[in-house]
Amino acid sequence: MPEAPELEVAKDYLNQQAVGSTVLSGRIVRPSVLRPLAGDLASDVVGRTIDEVRRRGKFLLISLSGDRLLAVHPMLTGAFQYCAPRDRMFKRTPIVLSLSNGHELRYLDDRQMGRVYYVTGGQLSQVPQLDAQGPDVLEGLPYEDFQSRLSHFRGEIKGILTRGRVISGIGNAYADEVLFAARVYPFRKRSSLTDQELRRIHGASKEVVEQAITVLRGRMGGKIHVKIRDFLQVHNKGGTPCPRCGGNISQITANRRITSFCRNCQPGFLLRR
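A brief structural summary. (Residues numbered from 1 in each chain as written. Predicted model: local features only at pLDDT ≥ 70, side-chain atom pairs only at ≥ 80, totals over all residues. Heavy atoms only, no water.)

Moving on: the overall build of the protein. Counting secondary structure elements, the protein contains six helices and 11 strands. The globule rule puts the C-alpha radius of gyration for 273 residues at 19 Å, and the 20 Å found for the protein is close to it. Its C-alpha atoms put the protein at 55 × 35 × 30 Å along the principal axes. For the protein, the proportion of its 273 residues judged to be buried stands at 52%. Accessible surface computed for the protein: about 12,600 Å², of which carbon and sulfur atoms make up 47%. Of the charged side chains in the protein, 41 are positive and 26 negative, and the gap between their average positions amounts to 7 Å. (Helix = DSSP H or I, 4+ residues; strand = E, 2+ residues; numbered from the N terminus. Rg over C-alpha atoms; globule rule 2.2 N^0.38 Å. Buried < 20%, exposed > 50% of the residue type's maximum accessible area, 1.4 Å probe, protein only. Areas by Shrake-Rupley, 256 points an atom, 1.4 Å probe, with all protein chains shown as cover. Lys, Arg positive; Asp, Glu negative; His and termini not counted. Charge placed at Lys NZ, Arg CZ, Asp CG, Glu CD.)

Per the stated rule, a full pass over the model turns up 18 salt bridges. The shortest N-O distance in the salt bridge between E3 and R229 comes to 3.6 Å. With E3 in the segment before α1 (4–17) and R229 in the loop between α6 (195–220) and β10 (249–254), this pair connects stretches of sequence that are 226 residues apart. Residue E3 is classed as buried on the basis of its relative accessible area of 1%. With a relative accessible area of 14%, R229 lands in the buried category. Where D230 meets R219, a salt bridge forms, and the shortest distance between an N and an O atom there is 2.8 Å. Of this pair, D230 sits in the loop between α6 and β10 while R219 sits in helix α6, placing them 11 residues apart in sequence. Through salt bridges with shared partners, a single network forms among E8, K11, D12, R55, D136 and R217. (Salt bridge = Lys/Arg side-chain N within 4 Å of Asp/Glu carboxyl O.)

A separate point is the sheet that holds strand β3 (residues 50–56). Across the sheet, which stays open at both edges, the five strands sit in the order β2-β9-β5-β4-β3 with mixed pairing between neighbours. The sheet terminates laterally at β2 (34–36) and β3, the two strands that pair on one side only. Within the sheet, the average angular offset between the axes of one strand and its neighbour, ignoring direction, is 15°. Here strand β4 (residues 59–64) pairs with strand β5 (residues 68–73) via five bridges, running antiparallel. From the neighbouring strand, I62 faces β5, where its bridge partner is L70. Against the sheet, α1 touches β3 and β4, its axis set at about 165° to β3. (Pairing = 2+ DSSP bridges. Axes fitted to C-alpha atoms, helices over the stretch in contact; angles between N-to-C directions. Contact = heavy atoms within 4.5 Å.)

Here the focus is helix α3 (residues 143–150). Of all the positions in α3, only Y143, F146 and L150 are classed as buried. Taken down its axis, α3 places every buried residue within 60° of arc, on the same side. On its buried side, α3 packs onto α4 (157–163) and α6. (Arc of directions from axis to C-beta.)

Attention now moves to the packing of aromatic side chains. The final tally for this structure, using the stated rule, is six aromatic pairs. For the ring pair F80 and Y107, a centre distance of 5.6 Å and an interplane angle of 65° mean the geometry is edge-to-face. Of the two residues, F80 is situated in strand β6 (residues 78–83) and Y107 in strand β8 (residues 104–109); the sequence distance between them amounts to 27 residues. The class for F80 is buried, based on a relative accessible area of 9%. By the ring-pair criterion, three or more aromatic residues cluster together here, those being Y185, F187 and F261. One cation-aromatic arrangement involves R92 over F90; the distance from NZ or CZ to the ring centre is 5.0 Å. Between the NZ or CZ atom of R244 and the centre of the ring of F180, over which it lies, the distance is 4.1 Å. (Phe/Tyr/Trp six-rings, centres within 6.5 Å; stacked < 30°, edge-to-face > 60°. Lys NZ or Arg CZ within 6 Å of the ring centre and 35° of its normal.)

A separate point is the pairing of strand β7 (residues 95–99). The buried count for β7 comes to five of five residues, which makes it a mostly enclosed element. Of the two faces of β7, the one holding I95, L97 and L99 and the one holding V96 and S98 are both buried throughout. Of the strand pairs in this sheet, strand β1 (residues 23–28) and β7 are connected by five bridges, and their pairing is antiparallel. Opposite V23, over in β7, you have L99 as the bridge partner. Summarising the sheet, β7 and β8 pair through four bridges and their orientation is antiparallel. By the bridge assignment, I95 is partnered in β8 with Y107. The turn linking β7 back onto β8 is made up of four residues, and G102 within it adopts a positive phi angle of 90°.

Below, the structure written as structure tokens:
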């Protein structure tokens, strides 16, 4: 799942490269991901200029002239590709916008699970999950507010972080990284966490994401559709040495979601349900 670091780098790159370009044509290859609330995308988008690209949590919002937006929720495998028209088109490409600067902006999605909403500004509130997100992880939510928002949840801390209601932008991979940095077992119940542990999670959330953005800016370049996560400390590295203590990283897969952690650095035990 693209999370705040990948989406932030993609947002900045598209603002540098695509903003100011006019859409010459729109092609819908696989319509299953599209939700055209503001009219037929392929015809209505033609002649509109890309004004700005923003990120809100796990959404990218592409503002177009004439009060139109593409609100994109990539979900598990969605991504944008910015490339020359001659570049090979992946089979997983549902939407292609041809731009006046000679490039194409393509939306890719391996599993076709993401959603691309074509809306007016007044229809943004109709985009599912967009307004349900908490403050963005990079906004610097004060600890007291973080603590207050957490108090409404009773489940496991990793699930609470990935849900995005407390802070938004953190998904499965970076939740593992945040909890490793904070030395907190991912399956701990929220109610069992001490104030000190909560403060470590709060601080690590923004710090881990900012560090990842720095790495990705240096490595992604123009390949904003490529997922780079080999630099992560623990996520998806089960069986390899922990970078902190040298013990083996544990990995559990449940509900098609990988959770990676160090049993030495993040002690705890999984309760039977």
